[in-house]
Every structure is written in C-alpha cells, then in structure tokens.
There are 4 protein chains.
Amino acid sequence: MKLGMIGLGRMGANMARRLMRGGHAIVGFDPQAEARQALAEDGAQTVDSLAALVASLPAPRTVWMMVPAGAITEDTVTALSPLLQAGDTLVDGGNANYKDTLRRAEKLASQQVHYIDCGTSGGVWGLAEGFSLMIGGDEAAVERLRPVFETLAPAKDRGWGRVGPAGAGHFTKMVHNGIEYGMMQAYAEGFSILQHKQAFALDLHQVADIWRSGSVVRSWLLDLTALALEKNPSMDGIAPYVEDSGEGRWTVAEAIDLDVSAPVITLALLERLRSRDADSYSDKLLAAMRNQFGGHAMKKE
Amino acid sequence: MKLGMIGLGRMGANMARRLMRGGHAIVGFDPQAEARQALAEDGAQTVDSLAALVASLPAPRTVWMMVPAGAITEDTVTALSPLLQAGDTLVDGGNANYKDTLRRAEKLASQQVHYIDCGTSGGVWGLAEGFSLMIGGDEAAVERLRPVFETLAPAKDRGWGRVGPAGAGHFTKMVHNGIEYGMMQAYAEGFSILQHKQAFALDLHQVADIWRSGSVVRSWLLDLTALALEKNPSMDGIAPYVEDSGEGRWTVAEAIDLDVSAPVITLALLERLRSRDADSYSDKLLAAMRNQFGGHAMKKE
Amino acid sequence: MKLGMIGLGRMGANMARRLMRGGHAIVGFDPQAEARQALAEDGAQTVDSLAALVASLPAPRTVWMMVPAGAITEDTVTALSPLLQAGDTLVDGGNANYKDTLRRAEKLASQQVHYIDCGTSGGVWGLAEGFSLMIGGDEAAVERLRPVFETLAPAKDRGWGRVGPAGAGHFTKMVHNGIEYGMMQAYAEGFSILQHKQAFALDLHQVADIWRSGSVVRSWLLDLTALALEKNPSMDGIAPYVEDSGEGRWTVAEAIDLDVSAPVITLALLERLRSRDADSYSDKLLAAMRNQFGGHAMKKE
Amino acid sequence: MKLGMIGLGRMGANMARRLMRGGHAIVGFDPQAEARQALAEDGAQTVDSLAALVASLPAPRTVWMMVPAGAITEDTVTALSPLLQAGDTLVDGGNANYKDTLRRAEKLASQQVHYIDCGTSGGVWGLAEGFSLMIGGDEAAVERLRPVFETLAPAKDRGWGRVGPAGAGHFTKMVHNGIEYGMMQAYAEGFSILQHKQAFALDLHQVADIWRSGSVVRSWLLDLTALALEKNPSMDGIAPYVEDSGEGRWTVAEAIDLDVSAPVITLALLERLRSRDADSYSDKLLAAMRNQFGGHAMKKE
C-alpha cells in the first residue's frame, strides 16, 4: 500500500526501505533535505511539508510517524490533526509515553481519525532482520494496516501483533525496554566480574562466543556483546558513561504506580544515572561522615 | 572414544546419550540401579562400582563426573583418586565451586592425573540442542578430549572452548549462572508489570511471542518463558517460591571479593531469598516501628 | 497568638494542644464532632465550619491546615480561598507533594494571601517532645509566625527553620521521609539477621538497648525499635505487611528526575511494595522458568 | 582493676585513658615507641613486649587486645597463648570476624584461658562519651570484668552487655556495622537529593540541624553529618571515594548464608565498591552495547 513516513532518521529511513523492498510505496518527509534526498535515491517519493505529504496520499490515508518522543511528536500530531480526515490513520512508531498516546488517541478519535501506537524494537538491525512490533489501537484500523506490519516484521506471521487498545502498544514497548535495561546490566556485571578475575586471564570475547551456542544465557544482546568484545575487549577509549532514554524511567515509575517491586529493572536504571555522576556528592558525604566518627582519612580530590 | 560417565541423572544421562549418538562408547555408573538400567537400554555398558568403571576403560582413561557439587563430588574424587593412574583424565562437568576445583586439580596433578573442569550449560534441552561447555585445565589434556567436546557442543566448532587453566571453567560457568539470575529476574519483573496493568488486559503469551522475533530482548530464556506462559499464563497453582543453587551466591561473593559492584545479579539472588520468606521478620518489625512513631495501625496475622 | 487549626486528628489535635500549652489561642475545626469535642475539653474554641473559623480570627488571619494530603487538602484550600483576605496566611502542615504546594502558593499569592508549607516531623511523640518543622514560604510571612514555630518546635531556637521559598518545606520533608525509609529498612534488616542466627540465641531487645548508648547507630528510631522489641520480640501476631505513604514514592521519583542514584531509599520503598505482594507473579514466573530449562520442580501452592 | 592493653592506636589509647580516668591501672604495649610514650605521659605503665606485659599483671590476668582484625590479631593471640595461664582472660575488642573468634575461643578454652569478644562502637568520640560494648563469652569471665565494662560504657548500667557465648559479641558488632552502612547511605542519598534541587538553594547544614531536634531521622550519625556539613557544605576537596572495612562484607555474606534478604545493607556496601571504580568496565560495556544495537554514540574517554 501507499503510506507516508514522517521522520527519515536512522529508524524511519530503515523502516521506509524495508517497506519499499516489500512492495509498498512511500511518501517521505523529513525537515532535513539530506535525509529526504537519501531516501529519494532509494526510490521513495519525498515532499517538503506535512501538508504535501497528506495531499500525496489516497484516502483513507496512512501516515507513519517515526520522530523523537516528546515535543516533536506532540508538534507533529498537532500539525497533522487539521490535515487528516475521518477514516485516516496516524501511526506513532516512536517511543512515546503511553499516557501521551492515550490523550492523543482520544483527541483524534473525536475527529474519526484512528491513532495507532506501534512500539518498535530492533534498532539498526531491523532493516535486515525485521522489526518487532507491539501494536495498540482500534482493531479494524490495525487490520487495515496488516500488509504494512507483515512487511516490517521479521516474518509475515511472527514478531508483530495487536496487543490491545490505544496505548497498549507503547506500554508494552516501555516494559520491553525496562527488561532490556535489566538484561544489559546483568551481562555487563557478569563480564566485569570475569574481567576483574586476573588470575584466569579470560578472553571475554571467547567466553561470549561460547555462550552464544547452547548456553542458558544465549540471546541477541549476547550476540551484540560478542561483537563489541571482539572489536575492543578492553573497552579502550570508551567512557564509562551510559545514557538512558525515557522508557527505563517510565517503566520504573509505572512499576511503583502499580505497587510492583521491580528491583532489577530499577537498579539497572540507577546504575546508568550513577555512571554519569563521576563527582558523586553522596559518596563525598559518606567519606566525610566516616572521618567524623572514626577519624578515617578522606582521599583528597 | 570410550569414556566413563559417573552420575546418570537428568544431566549425566543426557550427555551420555548425546555422546553415544556421536559415536562414542560409554561406561556408565550411578548408585541407582534404575538409572543404570535406563542408560543400558540406550546402549551403554554399565557397571555397579567406581572400581569396575575404571577397570573397564583403556589407559589413558577418561572419566567424566556429572554429580551434585559439594560432598558428593568430593567423595567421588576421593574414591577415584587411588584408582586412577598417571596420564588419566578426570572431568568435573558439574557446578563445583571453582575454589574446590583448584584444590582438587592440584591434588590430582601431584599424581599426574589431569583434572578438567567443564562448566556445562543447556539444561534438559542439551540432549537435542547441544551443551555449552566452558573448559578449564591443562591444554594438552583438553586437546586430547576434543572429540568429546565437539560431540557434546551444539556444533563441532561452536559452543565450547578451553577458557583457561584449572578452575577457569567452573569460574566462567559460575558467572554465567549469575547473569542468568539477572536476566530471569528482568523478564519476571517485566511480565509482572504487564500482568498488573489490568486496564490493557494484555495477553502475556502473545507479548512474549511477539518479542521472540526481531526484538532487542529476544533470547532462549524468552523462548522458554513463552512456553511457560502458553501453558499457564496466570501461573495458577505455582507457589511464588524460587530455589537457588549455589552458583548465584558464589557469584555475589566473588564480585564483592573482587570489589566489583554487581547490583542486578545481587538483587536477583536476594529476591529469591525473599521469595522463600513469606513470614519476613524485617517486614514485621517495620510495621511495628511505624506503629511506634506514627501510631499507624498494624495488620494482624 | 490566635490561630485556626483545621483537622483535629492525631497530628492536628496534638499540635493544637502544644500551642495552647505555649499560650496561644486556638480556634479548631474538624468535620467530626467528636474530634472538636475532645479539643474543646482541652480549652480550644471550636467551630463547625471553615467560614466560622475564618470569621473567628482577627486579621491578618493565621490558619493552619493539618489534613490528609491530596484531595482533602485541595478541597480545603479551594474552600478557604474565597474566605481569606489579603495579608492572611494559610499554613499547610501536612505531607503535600511540593509540586501541588507550588501551584497552591502561586494561586493564593495572586490574592495576596501567604501560603506557607511546613513539613512536620515527630509523629505522636511531638506533643511531648516538640515537632521538627521545615518551613517554606515568604520570609516576612514566616517571620510573623515565629511565636507559633517556637512553641511547636522542641525548643525556641532548635528544630525549626525557614529552609526556602514556597515548596521548599514540603520538599525537605519529603526527602526526610525518604531517609526515614532507608534507616528503618537498615535496622529491620539488621535485626532480622540477628534473629535468624539461632546459634547465638540473641535477645534482640537487649541488643537494641545496648546500642542506644554510645554506639554509632544510636538514634530516636532505635529508641522506638527497642520499645517495639521489648513488647514483642518475636513480632507475634503482626503481619509482614508494610504500608507506605506517598512521600517515599515522591522521593524516589524526584531522585530519578534529578538524575541522582539513590539505591537505598529506592530499595526501602520496593521492599514495602514487596511486603504487600504475598502472591508475587514474578516469583511464580521465575519458578516456572527454572522448571522449563532445568526441569527443576516447582512448589505447588 | 589492673589490666593490660595491647594496641595503643586511636581506639586502644582512648579506651586505656577512659579506664585510667575510671580508676583502673593500665599496662600498655604497642610496637611503636611513640604510641607507648604518649600513653605513659597520661599515666600508664608501658612495656615493650607481650611477655613483659603478661609478667606485669597479677593472676588471674586480664589482657585486652585492640589491634587490627586479621593477621595482626591472629599473630597476637598466637604469641600470647603460651604466656597466659589457666584462669586468665584475653579480650578481643577489635572487629574480628566472629568465625575466627569462635576458633580462637575454642583453642584458648583448651588451656583454660577465657576468650571474650567485645564488639566496640563509638569511634573517636568514645573517650568522652563512652563506648557501646557487645560482649560474647563465658558468663563468669564476663562478670569478673564487670568493673572494666562499666567504666568503658557511657554509664554503669547502659551501653554494654553480654549478648551471648563466644562469638556473639563480634557477630552483633558486625551486624551493627552493616546497619551503620545502610543508615549512612540513606542520609548521603537524601542530602544528595537536596543538594541537586538547585531551585530551592537549600542550606544543607541548616536542614541537618533542624532535623537534629524532634524529627524522626534524628540520630548521632545525623549530629556528625551536621558537623561535616557545617565545615564544608559543598564537600570541596573530598574525593567521592568510600573505603569499607570488612564488617559490611561479612554482614552481607552472613545474611546470604542465613537466607535473609538484606537489600539496603547490601546496596550500601555495593555503592562503596562502586565509588572506588571510577573507570567502571561494566559501564563501558553498556555504552558499547547501546552502540551496537541502536547506533547510539559513545562518549570518548
């Protein structure tokens, strides 16, 4: 089918390409001319405004947003809202907070526009391997887009599904990312223990590679970890500084709202915060407290 | 090659079977006649004593132990020690503490017997899919057993390797299990958050199944989780009671010995302890403390 | 001075009493006649409506709210707002979220009514020992109430202070409670370890009592813990079920918003959530996962 | 009474002084001449060998060790053992692991020498305020030393007690220190949250000082925290580097041995390990993993 793709960055462009390879026609928009140019070379029609994008699509329209969560998603929805008509469908494939999604879906529903939230996992490997799609929204609207989902997913009948009403897709993707934080931290801790055991002089890439076949901890993240360890086993030149996107925080907040104790996902987030605080005030205060009661020396900065 | 297998339980019997399918000859011993009988039906020679087992093998002998860590491993090594001769090899395929392994390897080395520690992962699926083998020990001794490892592993050249000297195999397997605890807990927490979000009425098996293809969190543990959720999505009839084997504890202790902060692996262990303490003294005391300072009501048992 | 006290529950009534003992005059209101009656017997004037309360006070009025955070505080502020005049002061002595306080203070400022947030600690012991008061708001308005704060505090010049503008008082009290969670959990864990060490048959009340004098862990919470342990060292009849008020959650959320890793305060909150989830879904799923890969038996419910 | 004091460092010298002020006679030994000299000036008899120390004491002898746990304690006990006679008492006032204490007590018991473990809290403030003493050992032997304990403690009848047989004193002190870790971390986190909330520009020393009177979190550690914050509220020049002595580690290990989940004490220890690992391998690996799957930029060192 023919659909509009808004946001031609790393994720959006790859999804557009996978769709075109699957026989769909793409009208692409991105504020950056370069991004539009790159996709045009791969066969997409590109336009330089949201209005032109909507005008290029047959009714009922299908518009897929792949833009950063937060203000840009909000602005895009606001700008598209008057351009869309009853029966059109707007898909948010980004990482929006599901509470924002619920609000947006309700607003668009009032003008008979379907709002579908499609949590998308797979990262830069999705173009080749397919994306995992967790979809929320009206059943009929999701069904109409079946050919799109079947193409984006790793296989026609695997790796995608409507998990519930509007918001359910982004909620599920949020929890997916929370789990991802916990798994990554578990691997990172394990390899750090191996790395510190100097007596055994372990080859961490070899260990990761062994584990990839047959072990209980085999996973795609382990495959990637093996790649990272192959290139740079000592992690030379990489700062011990770990960013977090919003979804880990939201998962932690949601767990607490639901009275669910999720210590591992929570600690995985806290470790990322800690990684960025090289000058920890609390640790300094601890050192000062030890000095107060025990006369223990403090290390100077 | 022809080798002895001591311990014909779930793991040992499956490894013996995989070896026989791969063309090796097995002399099996287990104190339980039933276990011997079952393996004999699958083509193994079985014997009813360690002495008979050693006597049935050509020199240099290869004896593989697949018995519970701790006292039984200790007793088995002690009993075998006078029966083995210079040039023989004893493999511990169980989950021994690597410190015990170091001690045992040193003792057997003094009589020119090779001691190989082979951390083994794969569980009940190993018979069909192959086992992941992390091997510690003398290089030449490991090399002599190459045909055995190539058969046990998922493929000739994948899923096994000598990771270092004696002890390194069990050390690596210990950390493997620590990571496993963290990953399992991450999944369990994530699915618990999904399960508690009643507004979305999510089908947890469907979510797990979607994630299996293309998502960042896809893994073999997720495949198994999907199987468990398919059978019993509400976990009816299962007690919230999680055992731990020793390896998680050892990993936590080792991390602290190495001054490595491993909060996720550690908390995954603590959650298992917590799961078995339905009558938590600390929680009762907290309730009593709140009553003391704030006059807050305590729930009665 | 003469002031109005709204909310004559455990905290409000005790504060009113301490103020009267210090020479202040109280006009009390509570929706419950019984609560009014009890305070009237101790010498307060009581009224049966907010309007009557405001009407009974000389301008500029001082009204102190000691009501539950959330809807009741909101409704009370909304009801008082049209009754108050420029120059009056409304104090919120409860545990409001500081973000609500900022909003309320701004709204009342638009009608020249001062809004003071007074985080109050001390619990049921405050009547006798005085309350710890963390105050946010306009400097002059706080200064006008100096006699009130000096009476409520443990001493004229100790245990109270203006810590900053509106919101700063409730913010500081919120963090106070976060610390309290962490301290309580630390004691609870420690006594639980002592209690589980059956070989030493320790008398936990004796230990607490020894620690109260001279030890590094001496504190008021330890004094209370000793009282609880004296009464009921085995915690018989108390359910391992620990409530949480909002402030611990807010502290955890705020720490994450500020990118501060606060693992101990966070885990203290999670343990309370965990204490109330006797039927943990995540623990059941862990048991089911272990069964899947290792064939480990699951305990039945 | 007259007793020997071995180890005249910060703790031992102060305890000797408090004992002399209380009317006891001290024979002091320390390998460092300076330390002996300093105590001699305060009125102690000093000697330059363990043999001389034992020879200077009337039978039954009382010898108090205040030396570092581990090798030095072990060596001292070994050296004293042949010098002591049936009926003598040796007190270990240091922070030994209770398992070592059990072993030493058993060994000395075989020669009718009493071994008393006296967990000692109070730090550098103990000289003035008295020490908190948690005592393990034979009842009659402890009773014979009653005058010593009554002098060292904050008061005759407070702050000391025999908590159980040999080992129970050091066990109790170990858990005391575990609780101390948790409390310190709770305060450190709380003040860090306050410090990061720049909008309120809080004066952390003022907040600590307010909390010291009447609040739920008042404690001796808070008194010391207030002192530290008064001197250096921004913690300038102090490295975020926190040492740990052995007792926190032992508490964590013991909790796990007893199947007690103690997340707050455990995390407080892990945070100290983390504070000393400015170049965290696990954080670098996490950054590398994020780069692998999402193409996220890594910060360079």
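Residues numbered from 1 in each chain as written. Chains lettered and ligands numbered in written order. Predicted model: local features only at pLDDT ≥ 70, side-chain atom pairs only at ≥ 80, totals over all residues. Heavy atoms only, no water.

Undergrad: I would appreciate a short explanation of the domain arrangement of chain A in the present structure.
TA: Often, the extent of an interface is quoted as the loss of accessible area on bringing the components together. Residue and element names in this part refer to chain A. Partitioning chain A into domains gives domain 1 (2–165) and domain 2 (173–294). Summarising the inter-unit geometry, the C-alpha centres of domain 1 and domain 2 are found 32 Å apart. At the interface, 12 residues of domain 1 touch 11 residues of domain 2. Surface buried jointly by domain 1 and domain 2 totals about 900 Å² across both partners, of which 58% is contributed by carbon and sulfur atoms. Scanning the region where domain 1 abuts domain 2 turns up one salt bridge. Linking D257 and K99 is a salt bridge whose minimum nitrogen-to-oxygen distance equals 3.8 Å. Scanning the region where domain 1 abuts domain 2 turns up four residue pairs in polar contact (both at pLDDT 80 or more). Here the side of domain 1 that touches domain 2 takes three residues from strand β6 (residues 114–121), the largest share from any one element. Its residues assigned to classes, the side of domain 1 that touches domain 2 shows four nonpolar, six polar and two charged. (Domains from an automatic or database assignment. Contact = heavy atoms within 4.5 Å. Buried area = accessible area lost by both parts, 1.4 Å probe. Salt bridge = Lys/Arg side-chain N within 4 Å of Asp/Glu carboxyl O. Polar contact = N/O pair within 3.5 Å; in protein donor to acceptor, adjacent residues only side chain to side chain. Helix = DSSP H or I, 4+ residues; strand = E, 2+ residues; numbered from the N terminus. Nonpolar A, V, L, I, M, F, W, Y, C, P; charged D, E, K, R; others polar.)

Undergrad: Hey, could you run me through the interface of chain B and chain C in this one?
TA: Tallying the contact residues gives 62 residues for chain B and 62 residues for chain C. Together, the buried faces of chain B and chain C total about 5500 Å²; carbon and sulfur atoms form 65% of this surface. In this structure, the connection of chain B to chain C is made through two salt bridges. On the surface where chain B and chain C come into contact, there are 16 residue pairs in polar contact (both at pLDDT 80 or more). Breaking the side of chain B that touches chain C down by element, the ones donating at least two residues are α9 (168–196), α11 (220–231), α13 (263–275) and α14 (281–294) of chain B. Top contributing element to the side of chain B that touches chain C by residue count: α14(B), with 13 residues.

Undergrad: What is the right way to look at the interface of chain A and chain B in this model?
TA: Residue-level contacts link 65 residues of chain A with 65 residues of chain B. The contact between chain A and chain B buries some 5700 Å² in all, and 72% of this surface belongs to carbon and sulfur atoms. Among the residues chain A hides against chain B, the three largest losses belong to I193(A), F200(A) and V216(A). Together they make up 13% of the total. Connecting chain A to chain B are four salt bridges.

Undergrad: Honestly, the sheet that holds strand β3 (residues 45–47) of chain D in this entry has me stumped. Any pointers?
TA: Think of a sheet as strands paired side by side through backbone hydrogen bonds, with each pair either parallel or antiparallel. Pairing is mixed across the open sheet formed by eight strands, whose spatial order is β3-β2-β1-β4-β5-β6-β7-β8 (chain D). Two strands bound the open sheet, and with one partner strand each, they are β3 and β8 (160–164) of chain D. With strand direction ignored, the average angle separating the axes of adjacent strands in the sheet is 25°. Pairing of strand β4 (residues 62–65) of chain D with strand β5 (residues 89–92) of chain D involves four bridges; the strand directions are parallel. Its bridge partner lying in β5(D), W64(D) is registered against V91(D). Here helix α10 (residues 204–211) of chain C sits on the sheet and contacts β7 (132–136) and β8 of chain D; the angle it forms with β8(D), its principal contact strand, is near 150°. The sheet strands contacting helix α1 (residues 10–21) of chain D are β1 (2–6), β2 (25–29), β4 and β6 (114–121) of chain D, and the helix crosses β1(D) at an angle near 165°. (Pairing = 2+ DSSP bridges. Axes fitted to C-alpha atoms, helices over the stretch in contact; angles between N-to-C directions.)

Undergrad: What's the story with unusual backbone geometry in this structure? I'm lost.
TA: If a residue is not glycine, its phi is most likely negative; likewise, a peptide bond is most likely trans. Residue P60(A) is bonded to the preceding A59(A) through a cis peptide linkage, with omega at -10°. Within the secondary structure layout, P60(A) lies in the loop between α3 (50–55) and β4 (62–65). With a phi close to 60°, M235(B) is a non-glycine residue in the positive phi region. Counting through the fold element by element, M235(B) comes out in the loop between α11 and α12 (246–257). The buried category is assigned to M235(B), whose relative accessible area is 0%. (Buried < 20%, exposed > 50% of the residue type's maximum accessible area, 1.4 Å probe, protein only.)

Undergrad: Would you take a moment to explain the packing of helix α12 (residues 246–257) of chain C against helix α13 (residues 263–275) of chain C for this structure?
TA: In helix packing, the relevant descriptors are the interaxial angle and the interaxial distance, both defined with respect to the helix axes. Residue and element names in this part refer to chain C. At a minimum axis separation of 9 Å, α12 and α13 run at an interaxial angle of 135°. What the angle tells us is that α12 and α13 run oblique. Handedness of the α12/α13 crossing: left-handed. Of the residues in α13, those touching α12 at G248, R249, T251 and V252 are I265, T266, L269 and L273. Residue composition of the contact of α12 with α13, grouped by class: four nonpolar, three polar and one charged. (Parallel < 35°, antiparallel > 145°, perpendicular 65-115°, else oblique. Left-handed = near helix turned anticlockwise from the far one by under 90°.)

Undergrad: Please clarify how the side chain of T101(C) should be interpreted in this entry.
TA: Residues and elements named next belong to chain C. Among the secondary structure elements, T101 is positioned in helix α5 (residues 98–109). Classification of T101 as buried rests on a relative accessible area of 0%. Setting aside anything within four residues of it in sequence, one finds T101 in contact with A96, Y115, D117, G167 and H170.

Undergrad: Honestly, the relation of the copies chain A and chain B in this entry has me stumped. Any pointers?
TA: Mapping between the two copies of the chain is achieved by a rotation about an axis and a shift along the axis. Expressed as a screw transformation, the operator carrying chain A onto chain B has a rotation angle of 180° and an axial translation of 0.0 Å, and the superposed copies differ by an RMSD of 0.0 Å. Given the turn and translation reported, the copies of this chain are related as if by a two-fold rotation axis. Among all residues of chain A, the one whose C-alpha sits closest to the rotation axis is S219(A), at a distance of 1.9 Å. Of the interface residues in chain A, 100% have counterparts in chain B that sit at the interface too, so the contact is made through matching surfaces. (Least-squares fit on C-alpha atoms with pLDDT ≥ 70 in both.)

Undergrad: Honestly, the UniProt feature "domain: 6-phosphogluconate dehydrogenase C-terminal" (unreviewed entry) in chain A in this entry has me stumped. Any pointers?
TA: With numbering matched to this structure, UniProt assigns "domain: 6-phosphogluconate dehydrogenase C-terminal" (unreviewed entry) to residues 169–297 of chain A. Helix makes up 67% of residues 169–297 of chain A and strand 0%, with an end-to-end C-alpha separation of 54 Å. (UniProt positions renumbered as here; feature names shortened; annotations may be inferred.)

Undergrad: What is the right way to look at the sheet that holds strand β2 (residues 25–29) of chain A in this model?
TA: Residue and element names in this part refer to chain A. Pairing is mixed in the open sheet, where eight strands are placed in the order β3-β2-β1-β4-β5-β6-β7-β8. Only two strands of the sheet have a single partner each, and these edge strands are β3 (45–47) and β8 (160–164). Looking at each pair of strands side by side, their axes are set apart by 25° on average, direction ignored. Pairing of strand β1 (residues 2–6) with β2, which is carried by five bridges, proceeds in the parallel orientation. By the bridge assignment, M5 is partnered in β2 with G28. Where helix α1 (residues 10–21) meets the sheet, its contacts fall on β1, β2, β4 and β6, and the angle it forms with β1 comes to roughly 165°. Relative to the sheet, helix α5 (residues 98–109) contacts β5 (89–92) and β6, its axis offset from that of β6 by approximately 150°.

Undergrad: Just checking my understanding: could you explain the environment of G295(A) for this structure?
TA: Considering the arrangement of structural elements, one finds G295(A) in the segment after α14 (281–294). Judged by its relative accessible area of 26%, G295(A) falls in the partly exposed class.

Undergrad: What is the right way to read the side chain of R61(D) from this model?
TA: Residue and element names in this part refer to chain D. If you trace the backbone, R61 turns up in the loop between α3 (50–55) and β4. Look at R61 and you get buried, because its relative accessible area is 11%. Among the polar contacts listed, one links the side chain of R61 to the backbone oxygen of V54, at a separation of 3.2 Å. Not counting the four nearest positions on each side in its chain, R61 is found in contact with V54, L84, Q85, D88, T89 and R144.

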